[in-house]
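Listed below, chain by chain, are the residues.
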Amino acid sequence: MARAQRPANANAYYVQLRDLLPGSEVITVKNLAIKRDAAVFTFRSGSFAFYGEVNGKVTGAVFRGDGHLHVTPANTEERHNLSILAHSEEFDEDFDQAVLRFTDGTAAELRNASAGAGSADHAFASAAQELNSFMRNKLQDNIDLRLLEDVLSPAPGGFFFAAMHGHKNGHLFFTIDPYGLPDVQPEELALMSWNDWGPEFLTASNLSTDATRGARRKHYNVDHEELDTTIEKSGFLTGLATVHVIAMQDGVAIVPLDLYPTLRVSKVETDQGVALDYVQEDKDHDADFGVVLAQPLKKGDSVTLRIAYGGKDVVRNEGNSNYYPIARESWYPNASEGFGDYATYQMKFHVPKGLTLIATGTKVNETTEGKVTTTEWKADVPLPVVGFNLGEFVTKEAIVPNKLGDNLTVDAYANTQPPDMFNAVANAINNAPITGNSDDAPVGSVGKINTAGMLPVELSQSEVAAQIYTQYFGPLPFTHVAVTQQFACNYGQSWPMLVYLPICGFLDQTQQHVLGLHPEDMYWKMVTPHEVAHQWWGHTVGFRSYRDQWMSEGFADESASIFLLLTRPKPNDYLDFWKEERKMLTEKNQMGFRPIDVGPVTMGYRLSTEKTGWSVTRDLIYPKGAYILHMVQMMMWDPREGDRRFMETMHDFVNTYKLQPATTEDFKAIVEKHMSPIMDIEGNHKMDWFFNEYVYGTDLPAYHFESQVTPTNNGSSLHFKLIQSQVPADFKMVVPLYLEFADGKVSRLGEISITGDRTVEQSVMLPRFPSPVKRVSINYYYDVLSTDN
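Note that this is a predicted model, so its numbers are computed, not measured.

**Student:** What is the right way to read the overall build of the protein from this model?
**Tutor:** Along the backbone of the protein there are 16 helices and 37 strands. Against the 2.2 N^0.38 benchmark of 28 Å for 789 residues, the protein shows a C-alpha radius of gyration of 29 Å, consistent with a compact globule. For the C-alpha atoms alone, the extent of the protein along its principal axes is close to 100 × 70 × 60 Å. A burial count over the protein gives 56% of its 789 residues as buried. When contacts within the protein are restricted to residue pairs at least 6 apart in sequence, long-range pairs at least 24 apart make up 69% of them. Positive and negative side-chain charges of the protein, numbering 67 and 100 respectively, have mean locations separated by a distance of 2 Å.

The structure is reproduced here in structure tokens:
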């Protein structure tokens, strides 16, 4: 007889872990040092009270006494980050209490160091309860679920977690884990502090035995999902997911999956109908979802799970058949970390009749029965994420030719009616009394909101962007892309074959102006080409970890700049774009930091903190990531062949990492494969010099340039002086030299290689040109990221 489905959190071992507190086993220690990779814990004097065993394993101990933590960051980037956040390149902190949770050999190590029995004290249990409350209510990470993974696994555990009361830094958390608690551990090793504003990662890295940057090991993988989803008129979503899981190592006993907290699981079983235990705490606490397998898997073994779930707040009904998908990455159970894990998908959606659902993949069937329309979708290639948009739409189509294969179809969608909120705003403005020239007088009428009117513009931009990117980067592995209007006004987003564009981009410039949206801003010129570019950067080529996300966002920004250059009769917008990118990087924020100084692009989201400013990540990885690729492009540019070498490089990068994640070092290797002679400054055919300065570093050179052109019988003589400053002695750069002519044309004369704080002074004979030389300059196209041109 099959076992009936038990409610969430009913597994006996999980219940034990959830209620577990330190018991009567107490030992004293004296000058005990425990080394965990880059960290050394010194317990000068005090006592440990051990948690009881669960499935024969001790999973924790509480220390009270006199302790010290010393952490040595793994590399220059991490030392720089620590120096900003803690004012020192190494971390030292005294503590009087530490709660340790572990599945490694810590219990035996502590017992072996015992100086004798200690006294039981309620304070040990109080410390454990305090940590439980903090993890469940503030961090909202289910550490008990993580411990359960190793408690049920026959494989040796490698988890170590220490929560401390620091004398200077308050709440401190040190973690070593090959798999990871998502909110306390971006990599295998992490040191995090916590204040009222949230977490700050003081340092993070993989273990010293692992040379990779950023990517944690995966102990299982999801390679295929079938999703059957129903969305009601209210936006309430119910789903049944069939998930195929493969073990990447021995002993996989738990399958943690990402699922939006308001989606409550009601049933989990295998494809054979065997009910399985699962963990999912209250939506407002540590609601992490995980499936308890009937037996641990060995490496290469697989299991198929069927998961039923449902809930609200995943899709929001905004009125007039406008729907806003909120849980973009977690509306279905998945194992993705960022956009680094690819799987194939088959999807079926049931929505109210009259609504159109657009999803990632290819629509293979559509039927309407009664009041429900059902569509079926299939992804022919592996994808890092899937999603949908829903509404009552009008649509237009364009075809992008592809000489190398199937043409690309671009479909653009706009809602037939504006959402309730936009109607309310429009009515308030249109009906506002005119009170003269006072500041509160309306600036004009917004008229009737009709986003469908701008649909041809959005389609045209998307079509042209796709044409340009196909030429520069190669064809997509998809045959169609849907560009859709979304409810949000202030951002766009891109999923494979599905682009979400801000509704305010579908307003005409007069309406944008009346609504105070500044239609002249660069954002409105590049949001569509930026989001279309993510079909290449983030989806066709994924990123392995947060340390590589700069490529996705930065490359999309650089792609948008190419769009601006090739779609305007003059390069004004293009030059303004790069000027704004540099300004974003080099202007101090309210906290007194220039984003470029806070850290390298490979630090990703960790750079935004209370101390440095919450916008630093956005203000760094987008513009600097764009500049890095732009500088590569400009160093590869040739006066006879233009961007040929750059296009070959990007085609190679896309083809090599198509439908799989790439790392920063992967991109570096491709650049080195195609680098131009002027890029080989060190003569070793390596780009270490450039990546160390701009990718892994925070250098920013300053340039001073003087020139004099003197007419001669056969042309003219150019004398110039270039000064490079504010850089380390080994900083190297290739600085392009341009001639600007009286007829408005610009020509690249050559390049100047320069190292360190140095002056290069030189005279050059120039031939006679059809138009006189008006000006000699460097970095005309913002070729080199520097303080000024």
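**Student:** Even after reading the chapter, I still don't get the state of the cysteines, so can you show me in this structure?
**Tutor:** Disulfides are covalent bonds that connect the sulfur atoms of two cysteines. Scanning the entire structure with this criterion turns up one disulfide. A sulfur-sulfur distance of 1.9 Å marks the disulfide that ties C489 to C504. Residues C489 and C504 are joined through a disulfide that is left-handed, its torsion about the S-S bond being -120°. In this pair, C489 is assigned in the loop between strand 27 (480–486) and strand 28 (493–495) and C504 in the loop between strand 29 (498–502) and helix 8 (509–514), connecting sequence segments 15 residues apart. Its relative accessible area of 21% is what places C489 among the partly exposed residues. A relative accessible area of 2% means that C504 is categorised as buried.

**Student:** Sorry, what's going on with helix 16 (residues 688–695) here?
**Tutor:** Residues three or four positions apart in an α-helix share a direction because the helix packs 3.6 residues into each turn. Burial analysis of helix 16 places six of its eight residues in the buried class, the great majority of the element. Within the span of helix 16, buried status applies to W689, F690, F691, E693, Y694 and V695. Along its buried surface, helix 16 packs onto helix 10 (549–566), helix 13 (616–636), helix 15 (664–674) and strand 34 (732–741).

**Student:** I keep staring at the pattern of salt bridges and nothing clicks. Help me out?
**Tutor:** Where side chains of opposite charge bring their charged atoms close, a pairing between them can arise. Under the criterion given, the structure shown has 36 salt bridges. One salt bridge in this structure joins K283 and D284, with 3.3 Å as the shortest N-O distance. On the basis of relative accessible area, D284 is assigned to the partly exposed category, the value being 45%. Its salt-bridge partner being D573, residue R568 comes within 3.0 Å of it at the nearest N-O pair. On the accessibility criterion, R568 (27% relative accessible area) is partly exposed. Through salt bridges that share partners, R18, R136, D144, E281 and D286 make up one connected network.

**Student:** Which parts of the structure should I look at to understand the nonpolar core?
**Tutor:** Soluble globular proteins tend to bury their nonpolar side chains together. Counting 194 residues, the largest nonpolar core has F41, W331, F653 and F690 as its most contacted members. If you tally residues by element for this core, the top one is helix 13, at 12 residues. Grouped together as the second largest cluster of nonpolar side chains are 36 residues, L152, A163, M192 and V292 included.

**Student:** Hey, could you run me through the environment of W524 in this one?
**Tutor:** Residue placement: W524 occurs in helix 9 (residues 522–533). Through-space distance from the C-alpha of W524 to that of V372 is 37 Å; in sequence the pair is 152 residues apart. Leave out the neighbours within four places in its chain, and W524 touches C489, P502, C504, G505, Q512, L517, H518 and P519. Polar contacts involving the side chain of W524 include one to the main-chain carbonyl oxygen of L517, which spans 2.9 Å.

**Student:** Explain the sheet that holds strand 12 (residues 237–247) to me, please; I cannot follow it from the model alone.
**Tutor:** The pairing of strands in a sheet comes from backbone hydrogen bonds and takes either a parallel or an antiparallel form. Taken together, seven strands build an open sheet; the order of strands is 14-17-12-11-20-23-22 and the sheet is mixed. Strands with a single pairing partner mark the edges of an open sheet, and in this sheet they are strand 14 (264–270) and strand 22 (362–369). Neighbouring strand axes in the sheet, compared pairwise and without regard to direction, differ in orientation by 15° on average. Summarising the sheet, strand 11 (residues 220–231) and strand 20 (residues 344–352) pair through seven bridges and their orientation is parallel. Bridge assignment links T230 to a residue of strand 20, and that residue is H350.

**Student:** Help me out: how do you make sense of the side chain of S205 in this one?
**Tutor:** Relative to the helices and strands, S205 is located in strand 10 (residues 198–205). Excluding residues that lie within four positions of it along the chain, S205 makes contacts with A74, E187, E188 and L189.

**Student:** Can you help me understand the environment of T230 in this one?
**Tutor:** Among the structural elements, T230 can be located in strand 11. Using a relative accessible area of 29% as the deciding quantity, one classes T230 as partly exposed. Residues T230 and D282, spaced 52 residues apart in sequence, show a C-alpha to C-alpha distance of 23 Å. Contact partners of T230, with chain neighbours within four places excluded, come to F236, L237, T238 and H350.

**Student:** Would you mind showing me how to read the sheet that holds strand 25 (residues 393–400) here?
**Tutor:** Read from one edge to the other, the open sheet built from five strands follows the order 25-26-27-29-28, with strand pairing classed as mixed. Looking at the sheet topology across the chains shown, the edges are occupied by strand 25 and strand 28. Between one strand axis and the next, the sheet turns through 20° on average, direction left out of account. Relative to strand 27, strand 26 (residues 408–415) is paired through five bridges, and the arrangement is parallel. Across the sheet, V410 pairs through a bridge with V481, a residue of strand 27.

**Student:** Any chance you could explain the environment of F769 here in plain terms?
**Tutor:** Within the secondary structure, F769 sits in the loop between strand 36 (758–767) and strand 37 (773–778). You can call F769 partly exposed: its relative accessible area is 27%. Distance in space between the C-alpha atoms of F769 and S330 is 62 Å, their sequence separation being 439 residues. Non-local contacts of F769, meaning those with residues more than four positions away in its chain, are made with L739 and F741.

**Student:** What is the right way to read a negative patch on the surface from this model?
**Tutor:** A surface patch of like charges, here negative, comprises E520, D521, D576 and E580. Note on placement: E580 falls in helix 11 (residues 572–586).

**Student:** It is not clear to me how unusual backbone geometry should be interpreted in this structure. Could you clarify?
**Tutor:** Backbone geometry follows two general trends: most residues other than glycine have a negative phi, and most peptide bonds adopt the trans configuration. A positive phi angle is found at N31, which is not glycine, with a value near 50°. You can see N31 is positioned in strand 1 (residues 22–36). You can call N31 exposed: its relative accessible area is 56%. Within the chain, S321 stands out as a residue other than glycine whose phi angle is a positive 65°. Using a relative accessible area of 21% as the deciding quantity, one classes S321 as partly exposed.

Each value, and the rule that gives it
- Throughout, a residue's number is its position along its own chain's written sequence, starting from 1.
- This being a predicted model, a pLDDT of at least 70 is required before a residue's local features are given, and a value of 80 or more before pairs of side-chain atoms are given or counted; all residues contribute to the totals for chains, interfaces and linings.
- Hydrogens are left out, water is left out, and the side-chain values use all remaining heavy atoms of the structure.
- Helical segments are the DSSP runs of H or I of at least four residues, strand segments are the runs of E of at least two, and each set is numbered from the N terminus.
- Only the C-alpha atoms count toward the radius of gyration. The rule for a globule is 2.2 Å times the residue count to the power 0.38.
- Between buried and exposed lies partly exposed: a residue is buried under 20% and exposed over 50% of the maximum accessible area for its type, with that area taken using a 1.4 Å probe on protein chains only.
- Only heavy atoms matter for contacts: two residues are in contact if any of them lie within 4.5 Å across the pair.
- Charge assignment in this entry is limited to Lys and Arg as positive and Asp and Glu as negative, and neither His nor the chain termini are counted.
- Charge placement uses NZ in Lys and CZ in Arg. For Asp and Glu, CG and CD serve respectively.
- Any cysteine sulfur atom paired with another within 2.5 Å is treated as part of a disulfide.
- A side-chain nitrogen of Lys or Arg and a carboxyl oxygen of Asp or Glu constitute a salt bridge if their distance falls within 4 Å.
- Nonpolar cores were defined as sets of buried Ala, Val, Leu, Ile, Met, Phe, Trp, Tyr and Cys residues, with membership established by side-chain atoms within 4.5 Å.
- By the criterion applied in these results, polar contacts are pairs of N or O atoms within 3.5 Å in which, for protein atoms, one can donate a hydrogen and the other can accept it, and in which residues neighboring in sequence qualify only through two side-chain atoms.
- When DSSP finds two or more bridges between two strands, those strands count as paired.
- Lines fitted to C-alpha atoms define the axes here, with helix axes fitted over just the stretch in contact, and angles between the N-to-C directions of these axes take values from 0 to 180 degrees.
- Like charges are joined within 9 Å and nonpolar side chains (Val, Leu, Ile, Met, Phe, Trp, Tyr) within 5 Å, but only among residues with over 30% relative accessible area and no salt bridge; these make up the patches.
- Where accessible areas are quoted, they stem from the Shrake-Rupley method and a 1.4 Å probe; at the residue level, only the protein chains shown are allowed to cover.

None of the figures reported here should be taken as evidence of function without further support.
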